[in-house]
Structure formats: C-alpha cells, structure tokens
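Below, each chain spelled out in residue letters.
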Amino acid sequence: MALTGLDIYKLLPKTNCKECGFPTCLAFALKLAAKGAELSACPHVSEEAKAALESASAPPIRLVTLGAGDHKLEVGNEVVLFRHEKTFYHQPGLAFRVKDTQPAQELAAAVAEAAGYFVERVGMCLALDAIAVENASGEPATFAECVKTVKAKANQPLILMSRNPASIEAALSAGAGDRPLIYAADGENWEAMAALAKKYDCPLAVRAKGDLEELATLADQVVKAGVADLVLDPGSRDLAGTLAHATQIRRLAIKKNFRPLGFPVITFPGEGAESIEQEAIAASQHIAKYVGIVVLDHFNPCMVYPLLTLRQNIYTDPQKPIQVAPGIYKFNEPGPNSPLLVTTNFSLTYFSVAGEIETSNVPTWLVIADAEGLSVLTAWAAGKFSAESIAKFIKSCGITDQVERKVLTLPGLVATLSGELEEELPGWKIAVGPREAVDLQGFLKGIRG
Amino acid sequence: MAVTVQIPIEKAAGNVREVTLGATATEGGTRTSTVTVGGESSLPFLHFESPVPHRPAVGVEIHDWNPEDWPAHLREAWGDVMNDPTEWAKAAVKAGADLVVLRLTGTNPDGLNRSAEQGAETVKAVLKAVGVPLIVYGPGQAQKDNEVLLKVAEAAAGERIALGDIENTNYRTIVAAALGSGHIVISQSPIDVNMAKQCNILATDMGLPPDRLLMDPTTGALGYGLEYTYSVMERLRLSAFQNDPMTQFPMICTVGEESWRQKESKTLEGVPEVWGDIKERSIMWEILTASSLLQAGADILVLRHPKSVEQVKLSIDKLMKA
Ligand code: B12
Ligand code: SF4
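So, here is what we can say about the structure in this document. (Residues numbered from 1 in each chain as written. Chains lettered and ligands numbered in written order. Predicted model: local features only at pLDDT ≥ 70, side-chain atom pairs only at ≥ 80, totals over all residues. Heavy atoms only, no water.)

Our next topic: the site of ligand 1. Ligand 1 sits among 32 residues. The nearest are Thr343, Thr349, Ser375, Val376 and Glu436 of chain A. Ligand 1 is flanked by residues contributed from chains A and B. Between ligand 1 and Thr343 of chain A, the relevant distance is 2.6 Å, taken from a nitrogen atom to a side-chain nitrogen or oxygen of the residue. If one sorts the elements of the shell around ligand 1 by residue count, helix α13 (residues 376-381) of chain A sits on top with five residues. A breakdown of the residues in the shell around ligand 1 according to their chemical character gives 22 nonpolar, eight polar and two charged. (Near = heavy atom within 4 Å. Polar contact = N/O pair within 3.5 Å; in protein donor to acceptor, adjacent residues only side chain to side chain. Helix = DSSP H or I, 4+ residues; strand = E, 2+ residues; numbered from the N terminus. Nonpolar A, V, L, I, M, F, W, Y, C, P; charged D, E, K, R; others polar.)

The structure is reproduced here in structure tokens:
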C-alpha cells in the first residue's frame, strides 16, 4: 500500500529547511504521498528512510523481466484482483518446453515451429514468449549443448530448467541468450542457484513442494542472498491446487502487501494433463487467474491460437476498447454497383461484420466510421454514431468516387437514423440491413439478386 | 527463520441461492435425476475459503429440428439422431449431459414456423425419452416465445423445467406460465449488471420465488466479447457476496450457441493456416469459452459438441476436489 503523507513525514528530518522548495517537511511529505514530488528533492533524507520509502512504494508484485530488446518478456506488477477494478497490465508469458533428451534434429524442428509461430488477431501479432529447456538428462554438457541448439532456433528468452547448479552454470557460461530465467532454486540447492542468478544477473524461480510457508521462507532466504527478481512455483500441479495458490499469492500481495510472495507465479499445465484439451483448460485457468508464466508441454496451433486469443481478451484494458482504423474496406473485389455498408470502428463490430461479408462471397464495400471504438448501439447511445457523423464521413472518406449505386446500408439496430441520414446525404438512398451480422449473408445475396 | 503466511479469507455477507431443476416422482414430476446448482459463498472453487456446495452442471443443446446451419464437423459428431429430438436427447445423456437444453427453433416464424402445440408435443416426447431435467427455449423471438412457452409450461406441468428467456421488455407471460406450472425462469440481460438486476426484480415482483430464477448474463464467445461476459459475471457474483439479493442467482452460459457461431468454429475455406485444424480448433474454442466462464462463476454451461462435454466435465471433477 502507498504510504500516507504522515508516514512519509515521520521519516523526514523535520527541520523545515525549505531546500526541497516546500515551506515545511510536512508539505513536502504530503506532495510526495500524492506522487507530486520526488524524494530526491530533499538532500537530507537518511539512508534508512530512503530504503523504507522505496520498499513501501514498490509495487506489490515485482516486475520481472526475461530476455531483452524486441523479445523482452515482462511479467508481474499487477495491482488489482479483478480486471474490472482497473485493468491487468502484464499479460502472462506463454512458453513451450523441450527436453535435452530429445534428438537434436527433432528438437530443433519443434523449437523452430513453436518459436516461429505467430498469428494476427484484431490487428495484433500474437506469439509465444519463451522456450523452456529441461535438463532431463541431468548432464551439464548435454544440457549446454541442447541450450545452444535451442538458442539458434529461437529469439525468445529461455527458461533453463534443472535442479543441478552445475548444469545451469554450464548452460549460462556456454551462452543462454539475454536474461534467461533459471528454474529452480529449492530447499537443497538455493544457495548455489542464488549465487548463479547474481553472477549472471538472471531472474530465479523458487520452487516449493505445495506449501506457501515453505515457499515464502525459501523466497525470503533467496532475496536476502541478494537476488531481487524471483518467480514463484508453489509446487501444486492440480487444477484446484494451482487456483488456490495463485489466488492466495495474489491476494496476499494486493491486500496485505506481503513482500515474501510479491512475485509472479509460474505454472506447468501440461504436467498431469491426460490430453491437450485438459492442458489447454488448465492453461486457460492460469491465464485468467493470476499466473505470470505458463509453460506448455504441447505445441499445437489448435490449442495455442485460442489460448493466445483468451490472453488477449482477459488482458484488454476494459476502459480502452480495441479499435480498427476508420476508412473504406473492400471485400470480394467490389465494383461501382456493389452494396455499400457502414458501421463503427469497434474491433468486435468490425470483425463480426467482416466475417459475414467474407463468407457471403458477395463483392461489398464496408465503410468504417470513427465512433471512438464503440459498438453500434453503444456509439449511437453515446452520440458517436449519428446521422451527422456518418454523413460527414461518407462525404470525406472518398467512397463517393468509387460507387455509382448511391445506396448506403445501415446496421439494423440503428434503423431510426435512416430518415435523418437521407436529409444529411442528398441524392442517396438509405437502406436498413439486418440487426445481426449473422443474417448479413442472406441480405447481401438478396441484393445481388 | 521460517516466514509465516496468513491466508486472507474473505467472509461473504450473503450467498448465491440454490436452484433445483427437475422434479422426481415424489415431487410431482417424472425425472429420474435432478440438478441443483448455486449456494456459493465464495468465488469459484476456492475450497480453502468455504465449501463448494454444488458442482456446475453441463447441459447439451438440442433442437426440435435438424439445424442445417450447424457446421458439418459438429453435425457429424451426433449424426442421424439430430433428426429426432428424442433420439438426440438420449444421445446427449449418453454423452454425459447433466441436463438437456431443448431449443424449439422449429417454431421460429421466419423458419418452419411450427405451432406452439407442436413445440409442446416435442417437449413431452423429450420428457418421456430421458430422465434428466429439461431446459426449454422458445425460438428467440419475443412474441412467439410467449406463445410457445405458455403451451410448453402447461404440457410439462410439475416437471420443474426451466423456461428461457425473459428480458426486461418481455417477461410477463413467461413468468406467469412458470408460476402456474411450477417451473423455473431464465432471465437474460445484455452484459450489464443493472439490467440483470432490473430483470430479476421484474420477475420476482410478480411473485416468482427467488429459488426459481437463473441468470443469463449473455455469453460473448472467446474472441468475440468473452471479456465483457467474464467481467460482468465476476461483478454480479461479487455483489451477491455483498448480499445484494437481486444478484444472488446461479448463472447459465449459452457457450455452445455463441462459440459455434464464430468464424473460428464454422468457416472451412479462406482461414489462416496458423489457426490449426478446424475440427480440433472448433471444439477447443467451445471448451475454452466454457473453462474461462467457469472461473467467472458459471453454474450451468450449455454445450453442443460431445467432446466438449467430456472434457469440461472432467475439468469440473478436478476443480471440485478440495
Ligand atoms: C459492452 C457494452 C458497453 C461497453 C463498450 C463496449 C464497446 N467498445 O462498444 C461499455 C461498458 C463502455 C458501454 C458503455 C455504454 N453503453 Co453499452 N453496451 C455494451 C453491450 C453489453 C455489448 C455491446 C457490444 O459489444 N456488442 C457487440 C457488437 C459486435 O455489436 P454491434 O456493434 O451492435 O454489431 C452487431 C450488429 O449491430 C451487427 N452490425 C454491426 N455493424 C453492422 C453494419 C451493417 C450494415 C449491418 C447490416 C449490421 C451490422 O452485427 C454485429 C453482430 O451481430 C451492449 C448490450 C449488448 N449486449 O449489445 C450495451 C449497450 C449497447 N450499451 C448501451 C448504453 C446505453 C451504453 C451507455 C450509454 C451506458 C451509459 N448510460 O453510460 C454507455 C455509452 C458509452 C459512452 N462512452 O458513453 C445500451 C444502448 C441502449 C440503446 N438502445 O441505445 C446497450 C444496448 C445496453 C442497454 N440495453 O442498456 N457499453
Ligand atoms: S529539504 Fe528536506 S528537510 Fe528541508 S524542508 Fe524539505 S523535506 Fe524538510
């Protein structure tokens, strides 16, 4: 929780020397609490006060970074329990796991496919964020060799999975790319693993055997050993258990500012899953409920694409709807006499309508008017999709030079606009289309006769 | 030294009501099994906070005619049974349906326009064919819904079926029909907390006992508004725990209808290759829409594909283990 002005005041010298530009320390403290000033403005604040202020204002869940540059993965630093309270900020990283016991040929191909996969949805490029390499052989040399093969096929950061510090060191010294995640420190090997994390400046996963007190104690030891970037694995693998732990860890951080567990969580939905459907169901739960890194054991587009879509949905900022660019969209090579439809630039609206036009195979013009990314009825209710705004856009967007058939079809839900629109668009006839995009195919085929 | 962890437990001021679908012989019906949902006093499956009284139920959606607009790869999962609602209902139960959801789309005035009486006949036949509880929807057009559901309510008197749906602008006839024959009502609202409460008030003000109302917050499929449904469900469930009586109803999600309507589930040609195999992906689309809404508080999930029923039920088994 953020400190109050009074809490901060207690930590200041209270000499009212005004060097910070404020008449009194109290005034400075209040401004600092309201994030209107920087602590550095006061040259006399003590080291302990500075440390206390910094830790109190640190986010309840640390932001942990894997990799660097374009392929950086940032997880953690969430501030709410429910997206509707504000928004979720850092979508969970989706990773794919391979093992150093797989034949090099097969491994390279699997990594290339998973790492190279991307799909475009609602104008955004969705892809996997990390590749996990497991030291199934237990051998440092085999592991280092495998990491090299994987690195050659993937730009994403790696997750180095071994309980053997020697294997982790072998991989790190042979070169495991920018800022890999080391998985994992446990009750036995945490000192050696913490030393490696510090030496190579890598985030370190801490793994318990299903008990949060064991996890918190271990995490606390590792932090005290000087490692700041942690990822937590409570050790549960069942659906109910991972849900309970992820929820408890998130609540402790957000509601109690409980530092020892103030880190992102990592899960392995494939472990114990009887089918890829069960793995996908577990992964969907982790995406929705509080996990920072989700490591998949199977790479299959029929599962990865919907999981990436789900992540996009849950992590969309409820206050900022996703929009498409206003303008003229052509389907199935429309001509001067093809039907002309208009709707709003809310992505969901656009994709609902675009999908139906495409499937109808009828050459069609679709004009997308700027309605601040709101759906048809929402925009109409908010006055952002009116006869006036539609007419203005029809005249300015250039469609009038491309069509001879001056008939504009409105969404059925705003049929009431047609009269007013006919006045605003002299020379045009205003038609009313179906209320639901699903019925557009029939409607368009009807026009084509 | 060991760090102690004090798990924050939230105490709800109120809980979701329990609603039982179906009436056995002793209760004046002919069901061989009933389904009770709701009763929660903590968020989904948080056993550490309070016991989870009832497992969410999975219904299978069937129609009173063979819907041609369903994708072939969905139809082939059922085959010829789709031509006879009684056979389809039996197959649904065999596939694991806890209850059957019968949509009388054959009575749609823009379609086959069958009569309300024919709809009621179909309901009686399905009630004879299977022993699980039944949910019945009209064709989805207000005026015909009223006519059809009035006849259906009478035909199924005493069976404690659920009638779907009422909305703020169309509820009187259906609520009256439910009151007269001991049925349950499904109140639908367009992903909007206030409109959901308004509809529930209208129904309960007519004397409908609160333990005979289910809430349908309107399902947005994965990639097509799911996040709006997800958040409105969380908000409704949280307000139920703050003891707002007009949100303390179990929630039903029409997952199959919404998910199989989308391009990712039905379109064969002209889709990106990176979408993966259509058969597996379309089932995954329904499964993940269902699994996400389970986390937001869904008490009844209505599905279309038997594989989805199998996989979602398996995940519910796991989630119900404390
Ligand atoms: C999500 C939502 C919101 C979100 C915004 C989401 C967004 N980006 O638009 C939020 C919460 C911000 C919101 C706000 C408001 N909303 Co609102 N909202 C909805 C809700 C629940 C879903 C809207 C949606 O996503 N629809 C999905 C899209 C795809 O539908 P669509 O754009 O209409 O497109 C479909 C059809 O129109 C058709 N179609 C589309 N284009 C075309 C083109 C042609 C040619 C054809 C033929 C067909 C066609 O195909 C599509 C699919 O079938 C609806 C209720 C509902 N379930 O519809 C209420 C609803 C639209 N909202 C409503 C209202 C009143 C508002 C507010 C004014 C509330 C308020 N008083 O503040 C505000 C206004 C916004 C503002 N900034 O002031 C009302 C509108 C009532 C009315 N009759 O005017 C609704 C209907 C809810 C209600 N009944 O009260 N809303
Ligand atoms: S500079 Fe520091 S000590 Fe001086 S008045 Fe400001 S806060 Fe107080």
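From this point, things continue past the structure.
What follows deals with the packing of helix α4 (residues 142-155) of chain B against helix α5 (residues 172-181) of chain B. Residue and element names in this part refer to chain B. For the pair α4 and α5, the least separation of the axes is 9 Å and the interaxial angle reads 0°. Judged on the interaxial angle alone, α5 and α4 are roughly parallel. Along its contact with α4, which presents Asp145, Asn146, Leu149, Leu150, Ala153 and Glu154, the element α5 presents Thr173, Ile174, Ala177 and Ser181. Each residue belonging to the contact of α4 with α5 can be placed in one class, and the counts come to five nonpolar, three polar and two charged. (Axes fitted to C-alpha atoms, helices over the stretch in contact; angles between N-to-C directions. Parallel < 35°, antiparallel > 145°, perpendicular 65-115°, else oblique. Contact = heavy atoms within 4.5 Å.)

Turning our eyes to something else, we now look at the packing of aromatic side chains. In the structure shown here, the tally under the stated rule is 11 aromatic pairs over all chains. Geometrically, the ring pair formed by Tyr117 of chain A and Phe299 of chain A is edge-to-face, given 5.4 Å between the ring centres and 75° between the ring planes. With Tyr117 of chain A in the loop between α4 (104-116) and β4 (118-121) and Phe299 of chain A in the loop between β12 (293-296) and α11 (301-314), the pair connects residues that are 182 residues apart, well separated along the chain. Judged by relative accessible area, which is 6%, Tyr117 of chain A ranks as buried. The interplanar angle of 85° and the centroid separation of 5.1 Å between the aromatic rings of Tyr350 of chain A and Phe351 of chain A together place this pair among those described as edge-to-face. On the basis of relative accessible area, Tyr350 of chain A is assigned to the buried category, the value being 11%. By way of ring pairs, the aromatic residues Phe96, Tyr117 and Phe299 of chain A are connected into one cluster. The cationic tip of Arg103 of chain B hangs over the ring face of Tyr137 of chain B; the distance from NZ or CZ to the ring centre is 4.0 Å. (Phe/Tyr/Trp six-rings, centres within 6.5 Å; stacked < 30°, edge-to-face > 60°. Buried < 20%, exposed > 50% of the residue type's maximum accessible area, 1.4 Å probe, protein only. Lys NZ or Arg CZ within 6 Å of the ring centre and 35° of its normal.)

A separate point is empty space enclosed by the protein. Residue and element names in this part refer to chain B. Summed over all chains, the structure comprises six cavities of 30 Å³ or more. By volume, the largest cavity amounts to about 120 Å³. If you go around the largest cavity, you meet 17 residues; those closest to its centre are Glu40, Pro44, Phe45, Val52 and Asp299. (1 Å grid on protein atoms, 1.4 Å probe; cavity = no way out; pocket = protein on both sides within 12 Å on 5 of 7 lines; lining within 4 Å. Points joined across faces, edges and corners; volume = space filled by probe spheres on them.)

With that out of the way, let us pick up α4 of chain B. Residue and element names in this part refer to chain B. Relative to the 20 Å expected for 14 residues at 1.5 Å per residue, α4 spans 20 Å between its end C-alpha atoms, a close match to the ideal helical length. Taken as a whole, α4 has its buried residues at Lys144, Asp145, Asn146, Val148, Leu149, Val152 and Ala153. On the buried face of α4, the contacting elements are α3 (116-129), β5 (134-137), β6 (162-166) and α5. (Expected span 1.5 Å × (residues − 1).)

Moving on: the packing of helix α10 (residues 276-288) of chain A against helix α10 (residues 278-295) of chain B. Contact pair α10 of chain A / α10 of chain B: the axes reach a minimum separation of 9 Å and the direction vectors enclose 40°. When the axis of α10 of chain A is compared with that of α10 of chain B, the two are oblique. The hand of the α10 of chain A/α10 of chain B crossing is right-handed. Of the residues in α10 of chain B, those touching α10 of chain A at Ile276, Glu277, Ala280, Ile281, Ser284 and Gln285 of chain A are Glu280, Met284, Ile287, Leu288, Ser291, Ser292 and Gln295 of chain B. Looking at side-chain class alone, the contact of α10 of chain A with α10 of chain B contains six nonpolar, five polar and two charged residues. (Left-handed = near helix turned anticlockwise from the far one by under 90°.)

A few words on the site of ligand 2. Around ligand 2 lies a shell formed by Pro13, Thr15, Asn16, Cys17, Lys18, Glu19, Cys20, Cys25, Phe28, Cys42 and Pro43 of chain A. Grouping the constituent residues of the shell around ligand 2 by class yields seven nonpolar, two polar and two charged.

Our focus in this paragraph is a nonpolar patch on the surface. Taken together, the side chains of Leu6, Leu26 and Leu30 of chain A define a hydrophobic patch exposed on the protein surface, amounting to about 270 Å² of accessible area. On the secondary structure map, Leu26 of chain A appears in helix α2 (residues 25-33). (Patch = residues over 30% accessible without salt bridge, like charges linked within 9 Å, V, L, I, M, F, W, Y side chains within 5 Å. Areas by Shrake-Rupley, 256 points an atom, 1.4 Å probe, with all protein chains shown as cover. Salt bridge = Lys/Arg side-chain N within 4 Å of Asp/Glu carboxyl O.)

For the rest of this paragraph, the subject is the sheet that holds strand β7 (residues 158-161) of chain A. Residues and elements named next belong to chain A. Sheet architecture is open: eight strands sit in the order β10-β9-β8-β7-β6-β3-β12-β11, paired in parallel fashion. Looking at strand neighbours, the two that pair on one side only are β10 (230-233) and β11 (266-267), the edges of this open sheet. Summarising the sheet, strand β8 (residues 181-185) and strand β9 (residues 204-207) pair through two bridges and their orientation is parallel. In the strand pairing of β9, Ala185 is matched with Val206. Contacts between α4 and the sheet are confined to β3 (93-99) and β6 (130-134), with β3 contributing the most and set at about 170° to the helix. Along the sheet, α11 contacts β3 and β12; its crossing angle with β3, the most-contacted strand, is approximately 150°. (Pairing = 2+ DSSP bridges.)

Residue and element names in this part refer to chain A. The full count for this structure, using the stated rule, is 43 salt bridges over all chains. Its salt-bridge partner being Glu74, residue Lys72 comes within 3.6 Å of it at the nearest N-O pair. The class of Lys72 is partly exposed, set by a relative accessible area of 45%. The class for Glu74 is partly exposed, based on a relative accessible area of 30%. The shortest N-O distance in the salt bridge between Asp317 and Lys320 comes to 3.0 Å.

Here the focus is the pairing of β9 of chain A. All names here are of chain A. Running through helix α7 (residues 190-199), the crossover from β8 to the neighbouring parallel element β9 is right-handed. With four bridges connecting them, β9 and β10 associate as parallel partners. Paired with Val206 across the bridge in β10 is Leu232. After leaving β9, the chain enters helix α8 (residues 212-224) and then returns to the sheet as β10, a path that is right-handed. (Right-handed = clockwise from strand over helix to strand, strands pointing away.)

Bringing the environment of Glu257 of chain B into the picture now. Residue and element names in this part refer to chain B. Examined against the element boundaries, Glu257 turns out to sit in helix α8 (residues 255-259). Residue class for Glu257 comes out partly exposed when judged on its relative accessible area of 24%. The residues touching Glu257, leaving out its near neighbours within four places in the chain, are Glu61, Arg103 and Arg304. In terms of polar contacts, Glu257 uses its side chain to reach the side chain of Arg103, at 3.1 Å.

All names here are of chain A. Burial along β12 is two-sided: the residues Ile293 and Val295 and Val294 and Leu296 are all buried. Here β3 runs beside β12; their pairing, made up of four bridges, is parallel. Bridge pairing links Ala95 to Val295 in β12. The pairing of β11 with β12 spans two bridges and is classified as parallel. Paired with Thr267 across the bridge in β12 is Val294. The parallel pair β11 and β12 is bridged by α10, and the resulting crossover is right-handed.

We now examine the side chain of Asn135 of chain A. All names here are of chain A. Following the sequence through the fold, Asn135 ends up in the loop between β6 and α5 (140-153). A polar side-chain atom of Asn135 sits 2.9 Å from a polar atom in the side chain of Ser162. Apart from residues lying up to four places away in sequence, Asn135 is in contact with Asp100, Phe143, Met161, Ser162, Asn164 and Ser167.

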